[in-house]
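The residues making up each chain are set out below.
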Amino acid sequence: MSIAYLNGVWQPAEEARVSVLDRGFLFGDGVYEVIPVFNGRVFAEDRHLARMARSLGQTGIKPPMPNDCWKHLFAEGIRRVGEASAVLYVQITRGVSRVRSHNYQNEEPTVLVLASGWPEYEQRPHDVVTMEDFRWSRADIKATSLVASGMIRNGAIADGYDDAILIRDGKVTEASASNVFIALDGMIVTPPASRYLLHGITRAVVIELAAAHGLPLQEREITHAELMAANEVWLTSTTHEVWPVASIDRCKVGSGEPGPLTNQVNSLYQAYKRSQTASSVM
Ligand code: PDD
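Residues numbered from 1 in each chain as written. Predicted model: local features only at pLDDT ≥ 70, side-chain atom pairs only at ≥ 80, totals over all residues. Heavy atoms only, no water.

Enquirer: Tell me about the packing of aromatic side chains, and please be specific about residues and values.
Expert: Applying the stated criterion across every chain, the model contains nine aromatic pairs. Among the aromatic residues, those joined into a cluster by ring pairs are Phe 38, Phe 43, Trp 118, Tyr 121, Tyr 269 and Tyr 272. For the cation-ring pair, Arg 23 lies above Phe 27, with the distance from its terminal atom to the ring centre recorded as 4.2 Å. A cation sits over an aromatic face here: Arg 250 above Tyr 161, 4.2 Å from the ring centre. (Phe/Tyr/Trp six-rings, centres within 6.5 Å; stacked < 30°, edge-to-face > 60°. Lys NZ or Arg CZ within 6 Å of the ring centre and 35° of its normal.)

Enquirer: Lay out the site of the ligand in plain terms, naming residues and giving numbers.
Expert: Around the ligand, a shell composed of 18 residues is seen, among which Tyr 32, Glu 174, Ile 201, Thr 202 and Thr 238 lie nearest. Between the ligand and Ile 201 there is a distance of 2.8 Å, counted from an oxygen atom to a backbone nitrogen or oxygen. A distance of 2.6 Å separates an oxygen atom of the ligand from a polar atom in the side chain of Thr 202. Starting from 470 Å² of accessible surface for the ligand in isolation, the protein chains cover 88%. When contributions to the shell around the ligand are tallied by element, the ones reaching two or more residues are strand S3 (30–38), helix H5 (201–212) and strand S13 (232–237). Here the shell around the ligand is composed, by residue class, of five nonpolar, nine polar and four charged. A domain split of the shell around the ligand shows at least three residues from each of domain 1 (2–117) and domain 2 (126–274). (Near = heavy atom within 4 Å. Polar contact = N/O pair within 3.5 Å; in protein donor to acceptor, adjacent residues only side chain to side chain. Areas by Shrake-Rupley, 256 points an atom, 1.4 Å probe, with all protein chains shown as cover. Helix = DSSP H or I, 4+ residues; strand = E, 2+ residues; numbered from the N terminus. Nonpolar A, V, L, I, M, F, W, Y, C, P; charged D, E, K, R; others polar. Domains from an automatic or database assignment.)

Enquirer: A description of the domain arrangement of the chain should follow, citing residues and the corresponding values.
Expert: Segmentation of the chain into domains returns domain 1 (2–117) and domain 2 (126–274). Between the C-alpha centres of domain 1 and domain 2 there is a distance of 26 Å. Taken residue by residue, the interface counts 21 residues in domain 1 and 21 residues in domain 2. For domain 1, the biggest contributors to the area lost against domain 2 are Tyr 32, Arg 47 and Arg 51; these three give 37% of the whole. One can count two salt bridges joining domain 1 with domain 2. Run the count over domain 1 and domain 2 and you get nine residue pairs in polar contact (both at pLDDT 80 or more). Going through the elements one at a time, S3, helix H2 (45–59) and strand S5 (86–93) are the ones with two or more residues in the side of domain 1 that touches domain 2. If one sorts the elements of the side of domain 1 that touches domain 2 by residue count, S3 sits on top with eight residues. By residue class, the composition of the side of domain 1 that touches domain 2 is nine nonpolar, seven polar and five charged. (Contact = heavy atoms within 4.5 Å. Buried area = accessible area lost by both parts, 1.4 Å probe. Salt bridge = Lys/Arg side-chain N within 4 Å of Asp/Glu carboxyl O.)

Enquirer: Now, about H5: what can you tell me, with residues and values included?
Expert: Taking 1.5 Å per residue, 12 residues should reach 16 Å; H5 reaches 16 Å between its end C-alpha atoms and fits that length. Three or more residues of H5 are buried, namely Ile 201, Thr 202, Arg 203, Val 205, Val 206, Ile 207, Leu 209 and Ala 210. Remark: Gly 214 follows H5 within two positions and exhibits a positive phi of approximately 70 degrees. (Expected span 1.5 Å × (residues − 1). Buried < 20%, exposed > 50% of the residue type's maximum accessible area, 1.4 Å probe, protein only.)

If you want it as structure tokens, here you go:
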């Protein structure tokens, strides 16, 4: 079941409607967040709100409300969906224009919060293909214009893979909807936060957990050759968390099973998540 808050009104998601003149519809002109809820509590809420504020700032979309109001809305969404594990999809578009025009018309932003039960995500190690990163060079903005990501993900699936790891100028950026980590000779490496990749919340938590637990980690560029030589590779995202890669371009990563660092990082992440969402607000 999904419940939608659209511009001030809660309603069943399938009944919520936006205008065809919404710039989100016409231009993909909007930003979004996918925010997890465990044990009835929003995980990493301030981090998601900070990234959303940054996406709004970078695109010049008016911030619709202060953080306290967002938090209130999220709590209400959790209450209405009535499930301890849930996902909040938040989308803010620039709003409804008077006419279709590339020029902004001082629109009022359209605000959507979609609250749904946590879907059962498949957790088996994934087979990925490397692909040229042909997306725009502001992948740090969590924009709703995702035609390139859809082409990449579904192109990979059509060729018999689960996903794609993207390469720009010979260097790994990220996967279609997750960040990339490798373990190479005992060192964990992830590409530095730049305008070519999303600054993932899960990525940031993993980096902090590695530092706190003495795991060696570098944020530096990863070449295609290093990716192929890695002993372990995993992806991180809000929905899939720490997610092992079994093969790249049909070549096994290590044994093809999740490696020791993947498992250790996943255990640390799960423990941290439990500690942050320990008591229910429901
Ligand atoms: N995707 N990179 C891209 C391109 C992403 O779309 C995502 C998340 C990530 C991981 O970010 P985080 O750890 O903050 O979820 C990296 C979300 C889940 C989505 O689009 O559904």
